[in-house]
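Tertiary structure, described
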2 protein chains.
Amino acid sequence: MEQEKEIFFEHLKKEGFKKTGQREKILEVFLRTEGHSSAEDIYSLVRAEDPTVGFTTVYRTLKLLTECGLARQEKFADGYTRYEHGYNHQHHDHLVCIKCGSLIEFFSEVIERKQDEIARKFKFQPTHHSLRIFGICHQCQIQHQAVAS
Amino acid sequence: MEQEKEIFFEHLKKEGFKKTGQREKILEVFLRTEGHSSAEDIYSLVRAEDPTVGFTTVYRTLKLLTECGLARQEKFADGYTRYEHGYNHQHHDHLVCIKCGSLIEFFSEVIERKQDEIARKFKFQPTHHSLRIFGICHQCQIQHQAVAS
DNA sequence: CTAAATGCAAACCATTTGCAACGGA
DNA sequence: TCCGTTGCAAATGGTTTGCATTTAG
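Residues numbered from 1 in each chain as written. Chains lettered and ligands numbered in written order. Predicted model: local features only at pLDDT ≥ 70, side-chain atom pairs only at ≥ 80, totals over all residues. Heavy atoms only, no water.

Let's shift gears to the protein's contact with DNA strand C. As a structural note, the neighbourhood of DNA strand C is formed by 20 residues, with Tyr59(A), Thr20(B), Arg23(B), Thr52(B) and Thr57(B) the closest of them. The sugar-phosphate backbone supplies 63% of the atoms of DNA strand C found within 4 Å of the protein. Contacts to DNA strand C include Tyr80(A), whose side-chain N or O atom sits 2.8 Å from a phosphate oxygen. Broken down by secondary-structure element, the contributors of at least two residues to the surface near DNA strand C are α4 (55–67) of chain A together with α2 (21–32) and α4 (55–67) of chain B. Its residues assigned to classes, the surface near DNA strand C comprises four nonpolar, 10 polar and six charged. (Near = heavy atom within 4 Å. Polar contact = N/O pair within 3.5 Å; in protein donor to acceptor, adjacent residues only side chain to side chain. Helix = DSSP H or I, 4+ residues; strand = E, 2+ residues; numbered from the N terminus. Nonpolar A, V, L, I, M, F, W, Y, C, P; charged D, E, K, R; others polar.)

Okay, structure coming up:
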């Protein structure tokens, strides 16, 4: 928490931006989230604690957090961009159910290593990656059977 | 080409939809594309051959093509949804340059196998996946050095 | 004939931007 | 004080929808 604040404020100073209450509040709320939150999710959470913060500021701050590596954004098929932690959080990938939208997280050392190897082969300097396996989760497979019979 | 048309027309019949000239034209154009085309890209290409086809029909047809597995869509950070072949085209993943936007395609048997293994572990029935490694491509690394010195 | 398809224009909707008031440094 | 920041409202832009007309089956 303190480390992340440090990183954020340092980034602001470096860019000549200002440290404000709204920005700090949004960072705090974002750090408390787990998984994948949309700007709207963050906005609601921030709103609950400080109703004066606007939608726009949430968007602008999430952009800043992304710039300094504290957040990572990913576009989803439903049209929303979602944000997850980008610092001090173990990286993981996702199984995405195309029926119910649920997310399962996983991590594979083998895949991570192989990716680095591939990047090296193409003289590509990787910063991050996104691996999503789409399909039907176990729950939905069971339900589908029930409906079919 | 003929196989794909077969699949498409079969899908239309099954769903009680109609086979139209526009739909066939859009499929033909789509099949000729390589890589990742936005709806707008397809629209321009179709337009060049048949100026009467509308934007809306392209969107609606790409949706149909996706439904029957001939196309696969992916949302990109620039806001555009892009479509690539989903049938009879060897699957591949991407290195995405965050500086110039260029795409490098790659394929790894190891990663593919590992993904299936992971899906199995979670009793997840995979349909497809998307792996993107973001970073700086070799070209942009060289340019950056040139600017810095 | 009849229900689906088409293309236009308008609607949608997540996100971004213009702007006047505000507030760090 | 000086510029960046804020929140509102309006704009943006890719995509979708309503509707009157056309067309496949």
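Let us now look at the pattern of salt bridges. Residue and element names in this part refer to chain A. Under the criterion given, the structure shown has 16 salt bridges over all chains. Glu74 is paired through a salt bridge with Arg132; the nearest N and O atoms lie 3.1 Å apart. Separated by 58 residues along the polypeptide, Glu74 in strand β2 (residues 71–75) and Arg132 in strand β6 (residues 125–136) bring together distant segments of the chain. Residues Glu74 and Arg132 agree in their burial class; the two are buried. Through salt bridges with shared partners, a single ionic network connects Lys5, Glu24 and Glu28. (Salt bridge = Lys/Arg side-chain N within 4 Å of Asp/Glu carboxyl O. Buried < 20%, exposed > 50% of the residue type's maximum accessible area, 1.4 Å probe, protein only.)

This paragraph deals with the environment of Phe106(A). Among the structural elements, Phe106(A) can be located in strand β5 (residues 103–106). Distance in space between the C-alpha atoms of Phe106(A) and Phe124(A) is 25 Å, their sequence separation being 18 residues.

Moving on, we get to the domain arrangement of chain A. All names here are of chain A. For chain A, the assigned domains read domain 1 (1–89) and domain 2 (90–149). For domain 1 versus domain 2, the separation of C-alpha centres amounts to 25 Å. Taken together, the contacts link nine residues of domain 1 with nine residues of domain 2. For the pair domain 1 and domain 2, the two sides together bury roughly 700 Å², of which 48% comes from carbon and sulfur. (Domains from an automatic or database assignment. Contact = heavy atoms within 4.5 Å. Buried area = accessible area lost by both parts, 1.4 Å probe.)

Turning our eyes to something else, we now look at the layout of surface pockets. In this model, the largest pocket occupies a volume close to 980 Å³. Those elements giving two or more residues to the lining of the largest pocket turn out to be β2, β3 (81–85), β4 (93–97) and β6 of chain A together with β4 (93–97) and β6 (125–136) of chain B. Size it by volume and the second largest pocket reaches roughly 780 Å³. Around the second largest pocket sit 31 residues that line it, and Ala77(A), Ile98(A), Phe134(A), Gln73(B) and His128(B) are the ones nearest its centre. Of all the elements, β6(B) adds the most residues to the lining of the second largest pocket, at six residues. (1 Å grid on protein atoms, 1.4 Å probe; cavity = no way out; pocket = protein on both sides within 12 Å on 5 of 7 lines; lining within 4 Å. Points joined across faces, edges and corners; volume = space filled by probe spheres on them.)

What follows concerns the relation of the copies chain A and chain B. When chain A is brought onto chain B, the operation consists of a screw motion whose angular component is 180° and whose axial shift is 0.0 Å, with 0.2 Å RMSD remaining. In the structure described here, the two chain copies are related by an operation that fits a two-fold rotation axis. The position closest to the rotation axis in chain A is occupied by the C-alpha of Leu131(A), lying 2.1 Å away. Of all interface residues in chain A, 100% are interface residues in chain B too; the two copies therefore contact each other through one and the same surface. (Least-squares fit on C-alpha atoms with pLDDT ≥ 70 in both.)

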